[in-house]
Amino acid sequence: MSARVGAVVICRRSAPLARIVDRLAAPDARIGVTLALAPELDPRSRPWLRAAAAAHEWQVVECAEPHPGAMANAALAVSDADWVFLLEAGDVLASDAASAVAAAALAAPSAAFLAGGTRLVCHGVDETVESGDPSQPAAYDPAHPALRSICWRRETVLSHGGFDARLPAAIRYELWLRLLGAGHPGAVVRAPWLTVHVDAGAFVDELNDPAAADAAREAVRRHRTVLVSHLADVLEARAARVEQLGNRHAAALARNEHARGVLAAASRPPDARPPSPASRVLPRRLTPRSRDWGYERGGPIDCVYIRRFLAQHAADIRGVVLEVQEDDYTRQFGSDVTRADVVDLDDRNPRATLITDLRSAPNLSADTYDCIILTQTAHVIDDMPAVIAQCWRLLRPGGVLLATFPCASRICLEYGRDGDFWRLTPDGARRLMRDAFGDAVSIEAFGNIMATTAFLLGLSPVEVREEELAFRDPYNPTLVGVRAVKTSAREGAGAPVVLPAREDAGLVLLYHRVAADGPDPHGIAMPPEAFEAQMAWLNARCAVLPLAELADGAAARRLPPRAVAITLDDGYVDTLERAWPVLEAYGLPATCFVMTEGLDDVHVFWWDELAALLLGDGERPDRLEIALPDRTWRFDTASRGERLLAHGILYDAIVREPVPVRERVLEQLRRWAPRVHPGAACRRMSGAELRTASARGLAIGAHTVRHPQLPRLDAAAKRDEIAGSARELERLTGGPVRHFAYPFGAVDAESAAAARDAGMTLALTCEPRRLRSTDDRMKLPRLEVRDSRFDRFQARIEEALAS
């Protein structure tokens, strides 16, 4: 009769347990499993582990004693296996482990334990450690990974009192020595049947744990006679191990010395470096400037694109939201969030509120979330379709998944050799989403060859020009963003989503400035010659309609092919002086959305003044100390790169703050750089100029009074901003104002209601996709145009019209 093989899993932490669950649940595993839940196991982990156990008919033992020996013994007592592996987080059995144990047990009927090889994986280091002769255990350290691979004869272990229930560590070592001292033989299986994924941080903690060292010393003291009889083997094995580690140490020192040279070169004074290292010819180097994604240099480049993608879809981040590992993006971009859950597999994460495996999360209820934020996560999970299917299940009907995936990125060796699996193209992302979300998916690609190269080199965004980051090359994207909507509930996970037949595309385009002068850190200024080329192409290749006609036609599903509307935000004076003459020449209708604060004065928007004070022409001090809402910040400002970094931090600090807070920060900057002033070219139209533009045929829409983020205001303030803007524009133009654009594209349910109550017949966000017949008239999408290169503009519009 074949031996029954089982596994006892000591569950202290949940993070690496997913690998064990996967392997033991595989169809070819044929292993009986008992989970021993430690008393210190995070309570958030228990529902997931119990659900996994129920799904696979595993046994679960709740352990009152914290020591691993006591937990192992409690599980051994209920197991019915003949041979048992003792597994911990990070251990993964080979698919043929059960059959290998059965064959070895048949060949060695008197063996008390079977020692197989161990494959050790830690941060990209992959080493196979053979068990060697089990009759000579002294060759092994108490924490040697080969000890993890032993499969124990359950009856023999129990007859000798089981594992030591009092030792906090080294329980395998102590039991091995005890059985050898009692004359029980073992057998060797040369092929590795266990992979140990070592968490470097936990490994270091274990090495430095005094209790673990004391436990090893106690095992040696008890079984000294067994060790002394093999003293020569002890010394020989230790000498070989020291030599091996010495060679590794020398290689590590060489790598460290090289890294020091890289850091020294990167630490030269900023003035000694050109403002954009990525714009030079690529360095002839074999290693990146930073292996830490660029964090030590200012942050990763891909985070720029992630934030831009989420900012465009901020209106979706509402209600009950689920985010992975932390809720930073929910806090930064969400509005009307009633609950923010954080999911992780690692119960050491203090910010996690839910512990589960996103490939299979039976402990989480279906139809729960209005939004799930899944940024740069699924590619490090081996089964991406399962993750996407779970996200669909967890979303409520109408809920939105906001996900990003790398098109190019370095490998996440931090998660081990088996911890980073996939890279996606835009079409690959669309195909991935199709089975779960059907056609209710929009795809957006970010980046270009320079951004990708800089990202792989470990450069930070401050070392790359904004225009280099903003440019989008459909042939060489860096990152892809996906917005997927759960359109309706359905019975089975694989059932198709039923959608109406495809409708003709309608696309609203968004511009801001048409200018080539002044600092432009946000990339909103389109050069006049590029704007004219784009308008000529739209006139020749698309049906350019007034905004209201486009919205009405989309709702009625009666749009002409390739229908487009043109809008410009904020009411810059160059809209009248540079954009409108081009639009007039081609006979193209357009709508300009204007904020109304200071229409009787020469008005410069606060973001333009901030950019001018830090990045425009003029002399400034080399240091800036400034009080921001959170604390006082100090910046070096001698070089443009330093000032660009300061600008990004200051902008992010005040963009969501009320007007008085922004004004206090700007006043400090004015005193810091009294000789720097914004140029007149970036000012907003005056009231008289606005009347002229309206009289010449430019449609005028409302854009609030002061350009706040509406979701951050109370209901009364929302109404005042929208209705007050519309009333002032009606007074100036003499006509009705019924169209509205949300500042920053930020909208929540209350803001949309305020726009409707103010008499608006349509309102625009910044969601970059075409219109659909089912769109809410108070939340219509718009595609912002920032790329001045004609070929890329054309490709972007064609992609949007076809999506």
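Attention in this report is confined to the structure presented alongside it. No experiment lies behind these values; they were computed from the predicted model shown.

1. Notes on the overall build of the protein
Thought 1: For the protein, the count of helices and strands is 26 helices and 28 strands.
Thought 2: Accessible surface for the protein amounts to roughly 34,300 Å². Of this, 53% is attributable to carbon and sulfur atoms.

2. Examining the side chain of His379
Thought 1: With respect to the secondary-structure elements, His379 resides in the loop between strand E13 (369-375) and helix H13 (384-394).
Thought 2: For His379, a relative accessible area of 5% gives the class buried.
Thought 3: Setting aside residues up to four positions removed in sequence, His379 forms contacts with Met384, Pro406, Cys412, Asp420, Phe421, Trp422 and Arg423.

3. Looking at the nonpolar core
Thought 1: Membership of the largest hydrophobic core comes to 65 residues, with the highest contact counts inside it found for Leu310, Leu374, Ile388, Leu401, Phe405, Met433 and Phe437.
Thought 2: Among all residues touching Met433, those that are not within four sequence positions of it are Ile388, Leu401, Ala403, Phe405, Gly438, Val441, Val482 and Ala484.
Thought 3: Ranked by size, the runner-up nonpolar core spans 54 residues in total, among them Leu538, Ala579, Leu599 and Val737.

4. Regarding the packing of helix H1 (residues 17-25) against helix H2 (residues 46-56)
Thought 1: Running from N to C, H1 and H2 cross one another at 5°; their axes reach a closest spacing of 11 Å. By the criterion of interaxial angle, the relationship of H1 to H2 is roughly parallel. Contacts between H1 and H2 involve Leu17, Ala18, Val21 and Ala25 from the first element and Trp48, Leu49, Ala52 and His56 from the second.
Thought 2: Per-class residue counts for the contact of H1 with H2 are seven nonpolar, one polar and no charged.

5. With respect to the environment of Ser14
Thought 1: Assignment of secondary structure puts Ser14 in the loop between strand E1 (5-11) and H1.
Thought 2: C-alpha separation for the pair Ser14 and Gly90, spaced 76 residues apart in sequence, amounts to 9.9 Å.
Thought 3: If near-sequence neighbours (up to four positions away) are discounted, Ser14 is found in contact with Leu41, Ser45, Trp48, Leu345, Asp346, Asp347 and Ile355.

6. Concerning the sheet that holds strand E14 (residues 395-406)
Thought 1: Judged by pairing direction, the sheet is mixed, and its seven strands sit side by side in the order E12-E11-E10-E13-E14-E16-E15 without closing on themselves. Taken across any chain shown, the strands that pair with only one partner, and hence form the sheet edges, are strand E12 (354-355) and strand E15 (441-446).
Thought 2: In this structure, strand E11 (residues 337-344) lies alongside E12, joined through two bridges in parallel fashion. Bridged to Val343 within E12 is Leu354.

7. Regarding the pattern of salt bridges
In a structure, side chains of opposite charge can pair up when their charged atoms sit close to one another.
Thought 1: One pass over the full model with this rule turns up 55 salt bridges.
Thought 2: A salt bridge links Arg166 to Asp164; the nearest nitrogen and oxygen atoms lie 3.4 Å apart.
Thought 3: Ionic pairing is found between Arg222 and Glu218, a salt bridge with its closest N-O pair at 2.9 Å. Remark: Glu218 and Arg222 occur in helix H8 (residues 210-222); sequence separation between them is four residues, near one turn of the helix.
Thought 4: Several salt bridges converge on common partners, so that one network encompasses Asp164, Arg166, Glu174, Arg178, Glu218, Arg221 and Arg222.

8. So, the packing of aromatic side chains
Thought 1: Overall, the coordinates contain 17 aromatic pairs when judged by the stated rule.
Thought 2: Through a chain of ring-to-ring contacts, three or more aromatic side chains come together here, namely Tyr572, Phe605, Trp606, Trp607 and Tyr651.
Thought 3: Lys486 extends its terminal NZ or CZ atom over the ring of Trp392, reaching a point 4.0 Å from the ring centre.
Thought 4: The ring of Trp633 carries Arg631 above its face, with NZ or CZ at 4.0 Å from the centroid.

Conventions and cut-offs
Residues numbered from 1 in each chain as written. Predicted model: local features only at pLDDT ≥ 70, side-chain atom pairs only at ≥ 80, totals over all residues. Heavy atoms only, no water. Helix = DSSP H or I, 4+ residues; strand = E, 2+ residues; numbered from the N terminus. Areas by Shrake-Rupley, 256 points an atom, 1.4 Å probe, with all protein chains shown as cover. Buried < 20%, exposed > 50% of the residue type's maximum accessible area, 1.4 Å probe, protein only. Contact = heavy atoms within 4.5 Å. Core = buried A, V, L, I, M, F, W, Y, C linked by side-chain atoms within 4.5 Å. Axes fitted to C-alpha atoms, helices over the stretch in contact; angles between N-to-C directions. Parallel < 35°, antiparallel > 145°, perpendicular 65-115°, else oblique. Nonpolar A, V, L, I, M, F, W, Y, C, P; charged D, E, K, R; others polar. Pairing = 2+ DSSP bridges. Salt bridge = Lys/Arg side-chain N within 4 Å of Asp/Glu carboxyl O. Phe/Tyr/Trp six-rings, centres within 6.5 Å; stacked < 30°, edge-to-face > 60°. Lys NZ or Arg CZ within 6 Å of the ring centre and 35° of its normal.

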